[in-house]
2 protein chains.
Amino acid sequence: MADLSTSDRPGTRERILDTTAELFRRYGYTGTGLKQIVALANAPFGSIYHFFPGGKEQLGAEVIHRSGRMYEELLTAIVDAAPDLESGLRDCFLGAAAVLVETDYADACPIETVALEVASANETLRLATAEVFASWIRAAVARFTGSGVPAEHAEDLALSVVALLEGAFVLARAAKDVQPLRAAGEAAVALLERARA
Amino acid sequence: MADLSTSDRPGTRERILDTTAELFRRYGYTGTGLKQIVALANAPFGSIYHFFPGGKEQLGAEVIHRSGRMYEELLTAIVDAAPDLESGLRDCFLGAAAVLVETDYADACPIETVALEVASANETLRLATAEVFASWIRAAVARFTGSGVPAEHAEDLALSVVALLEGAFVLARAAKDVQPLRAAGEAAVALLERARA
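**Digging into the overall build of chain A**
Thinking step 1. Secondary structure assignment for chain A yields nine helices and zero strands.
Thinking step 2. Counting from the amino terminus, helix and strand elements in chain A follow one another as α-α-α-α-α-α-α-α-α.
Thinking step 3. Taking 16 Å as the expected radius of gyration for a compact globule of 197 residues, we find that chain A reaches 18 Å, a close match to that expectation.
Thinking step 4. Taken along its principal axes, the extent of the C-alpha atoms in chain A is 60 × 40 × 30 Å.
Thinking step 5. A fraction of 62% describes how many contacts in chain A between residues 6 or more apart in sequence connect residues 24 or more apart.

Next comes the structure, spelled out in structure tokens:
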């Protein structure tokens, strides 16, 4: 039974990362406390500094990168499951809307709140968020060029589509209404069709 | 000289509001402390509770509404100064990019960071941000329908354009790069042209 204790390494570290990711998504970086993390992760307080000697900043950077990778994988899987890129793009926005409704408008982009909080306050974490967004943009550019969007338009299209998603999250969470995500999804599809034409 | 003291009513109250607005824009709600506000506003600590008996939440709600009105007036003035709505729309995004560069990517949307922080944490402030965004959407809908966009498309267009601006702010601040705002501005113009056609 000792293997199931809260101090078994992979388990505790993973729980801290998962819990921190959820708290960041809902309340942001500043609004997430280490005591809150260990309480919700059912981990001893010292385990944070054991696994993340750099404390909240190191934990934050790791959560930003990890959440960014997981969200990219999720969106990629949604696009892969669709019959074409337009449908896949629309499904990303509608899937995001469904998650918002299921979570009472709590779970949107995993790094957006943190990105805005740290942009002018913590250079290490700003760079972490910039790297995640850059990875998403690269992935979108690859999809768009692969589907016939001319290379010279692919990056601006990717920036606009990710901006539509991130901006729609802000409006949807504030209003507790999914229409911003529906509208932004249709706008993203229209921009893709235009870039291909 | 007594009229110029830091406790003269309009002056101190205005300075507290201005300072709080700037701190919210840069660091968000949670990252802004009352001590920091009074220090930067050159105001006695008690003045916050004198002018805002409800404390940080009341001050926050007032700053959200006031910043929202001021930003709406700014964007309206930019659109009014342009020869046509397409140019006006583009100028809003390029003007926002110029302010970002001037402020080392600190000053973007006045309520975006706060909106995300409070969405799942403070219902009073969430409603304040929702009212501001709704007012912007209404103003954009009026402009769009006035310029020939069919009524049934105007709201989705307004949601998409505001989402493009808000999302581009996130990407631009994270990357310290204005290209997301340029790309989003051109996307907004393209969506407007499409909705009018």
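What follows continues from the structure just given.
**Examining the environment of E102(A)**
All names here are of chain A.
Thinking step 1. On the secondary structure map, E102 appears in helix 5 (residues 85-102).
Thinking step 2. Take E102: there are 10 C-beta atoms within 10 Å of it, and that puts it in the exposed class.
Thinking step 3. Separated by ten residues in the primary sequence, E102 and E112 place their C-alpha atoms 19 Å from one another.

**Some thoughts on the confidence of the model for chain A**
All names here are of chain A.
Thinking step 1. Looking at chain A as a whole, the pLDDT averages 94, with 95% of positions reaching at least 70.
Thinking step 2. Here residues 1-9 is modelled with pLDDT under 50, and outside its nearest four sequence neighbours on either side it reaches eight contacts, counting other chains as well.
Thinking step 3. With pTM at 0.94, the complex prediction returns an ipTM value of 0.94.

**Notes on the relation of the copies chain A and chain B**
Thinking step 1. Rotating chain A by 180° and moving it 0.0 Å along the rotation axis overlays it on chain B with an RMSD of 0.0 Å. Both copies of the chain, as the preceding transformation shows, are related through a two-fold rotation axis. In terms of C-alpha distance to the rotation axis, chain A has G167(A) as its closest residue, with the C-alpha 1.9 Å off the axis.
Thinking step 2. Take the interface residues of chain A: 100% of them recur as interface residues in chain B, which is what a same-surface contact looks like.

**Re the interface of chain A and chain B**
Thinking step 1. Across the boundary between the two partners, chain A contributes 44 residues, which contact 44 residues of chain B.
Thinking step 2. Secondary-structure elements contributing two or more residues to the side of chain A that touches chain B are helix 1 (9-27), helix 6 (112-118), helix 7 (123-146), helix 8 (151-175) and helix 9 (179-196) of chain A.
Thinking step 3. Top contributing element to the side of chain A that touches chain B by residue count: helix 8 of chain A, with 15 residues.
Thinking step 4. Residues that form the side of chain A that touches chain B fall into these classes: 26 nonpolar, nine polar and nine charged.

**Some details on unusual backbone geometry**
Residue and element names in this part refer to chain A.
Thinking step 1. Here N42, not a glycine, exhibits a phi torsion of approximately 55°, which is positive.
Thinking step 2. Structurally, N42 is set in the loop between helix 2 (34-41) and helix 3 (46-51).
Thinking step 3. Positive phi, normally seen in glycine, also occurs at K176, with a value near 50°.
Thinking step 4. Classification of K176 by C-beta neighbours within 10 Å gives partly exposed; the count is 15.

**Quick word on the nonpolar core**
Thinking step 1. Core analysis: the biggest nonpolar cluster contains 128 residues, and V162(A), A184(A), V162(B) and A184(B) have the highest contact counts within it.
Thinking step 2. Other than its neighbours up to four places away in sequence, V162(A) contacts F133(A), W136(A), I137(A), A140(A), G167(B) and L171(B).

**Side note on helix 7 of chain A**
In an α-helix there are 3.6 residues to a turn, and that puts residues three or four apart on one side.
Thinking step 1. Taking 1.5 Å per residue, 24 residues should reach 34 Å; helix 7 of chain A reaches 34 Å between its end C-alpha atoms and fits that length.
Thinking step 2. Among all positions in helix 7 of chain A, only L125(A), R126(A), A128(A), T129(A), V132(A), F133(A), W136(A), I137(A), A140(A), R143(A) and F144(A) are buried.
Thinking step 3. Taken together, the buried residues of helix 7 of chain A touch helix 4 (55-81), helix 5, helix 6 and helix 8 of chain A together with helix 8 (151-175) of chain B.
Thinking step 4. A positive phi of about 105° marks G148(A), the residue just after helix 7 of chain A.

**Concerning helix 2 of chain A**
Residue and element names in this part refer to chain A.
Thinking step 1. If you check which residues of helix 2 are buried, you get I37, V38 and A41. When helix 2 is viewed along its axis, its buried side chains cluster within an angular range of 90° and face the same direction. Across from the buried face of helix 2, at angles greater than 90 degrees, the exposed residues are K35 and A39.
Thinking step 2. One or two positions beyond helix 2, positive phi appears at N42, with a value near 55°.

**Re the packing of helix 5 (residues 85-102) of chain B against helix 9 (residues 179-196) of chain B**
Residue and element names in this part refer to chain B.
Thinking step 1. Two elements in contact, helix 5 and helix 9, have axes whose closest approach is 9 Å; the angle formed by their N-to-C orientations is 165°. Overall, the two elements helix 5 and helix 9 adopt an arrangement that is roughly antiparallel. Relative to helix 9, helix 5 is oriented so that their crossing is right-handed. Contacts between helix 5 and helix 9 involve L85, E86, L89, R90, F93, L94, A96 and A97 from the former and L181, R182, A184, G185, A188, V189, L192 and E193 from the latter.
Thinking step 2. Across the contact of helix 5 with helix 9, the residue classes tally to eleven nonpolar, one polar and four charged.

**Description of the environment of T32(B)**
All names here are of chain B.
Thinking step 1. Structurally, the position occupied by T32 is in the loop between helix 1 (9-27) and helix 2 (34-41).
Thinking step 2. Judged by the 25 C-beta atoms lying within 10 Å of it, T32 falls in the buried class.
Thinking step 3. Here the alpha-carbon distance between T32 and T20, two residues twelve residues apart in the chain, equals 7.7 Å.
Thinking step 4. In this view, T32 contacts T20, L23, F24, Y27 and I37; residues no more than four positions away in its chain are not counted.

**Side note on the packing of helix 7 of chain A against helix 8 of chain B**
Thinking step 1. With their axes 8 Å apart at the nearest point, helix 7 of chain A and helix 8 of chain B run at an angle of 120° to one another. Overall, the two elements helix 7 of chain A and helix 8 of chain B adopt an arrangement that is oblique. Remark: the crossing between helix 7 of chain A and helix 8 of chain B carries left-handed chirality. Between helix 7 of chain A and helix 8 of chain B, the residues in contact are R126(A), T129(A), A130(A), F133(A) and A134(A) and L171(B), A174(B) and A175(B), respectively.
Thinking step 2. In terms of residue class, the contact of helix 7 of chain A with helix 8 of chain B is made up of six nonpolar, one polar and one charged.

Reading the values: rules and limits
Residues numbered from 1 in each chain as written. Chains lettered and ligands numbered in written order. Predicted model: local features only at pLDDT ≥ 70, side-chain atom pairs only at ≥ 80, totals over all residues. Helix = DSSP H or I, 4+ residues; strand = E, 2+ residues; numbered from the N terminus. Rg over C-alpha atoms; globule rule 2.2 N^0.38 Å. Contact = placed C-beta atoms within 7 Å. Buried ≥ 20, exposed ≤ 12 C-beta atoms within 10 Å, placed from the backbone. pLDDT = per-residue confidence, 0-100. Least-squares fit on C-alpha atoms with pLDDT ≥ 70 in both. Nonpolar A, V, L, I, M, F, W, Y, C, P; charged D, E, K, R; others polar. Core = buried A, V, L, I, M, F, W, Y, C linked by C-beta atoms within 7 Å. Expected span 1.5 Å × (residues − 1). Arc of directions from axis to C-beta. Axes fitted to C-alpha atoms, helices over the stretch in contact; angles between N-to-C directions. Parallel < 35°, antiparallel > 145°, perpendicular 65-115°, else oblique. Left-handed = near helix turned anticlockwise from the far one by under 90°.

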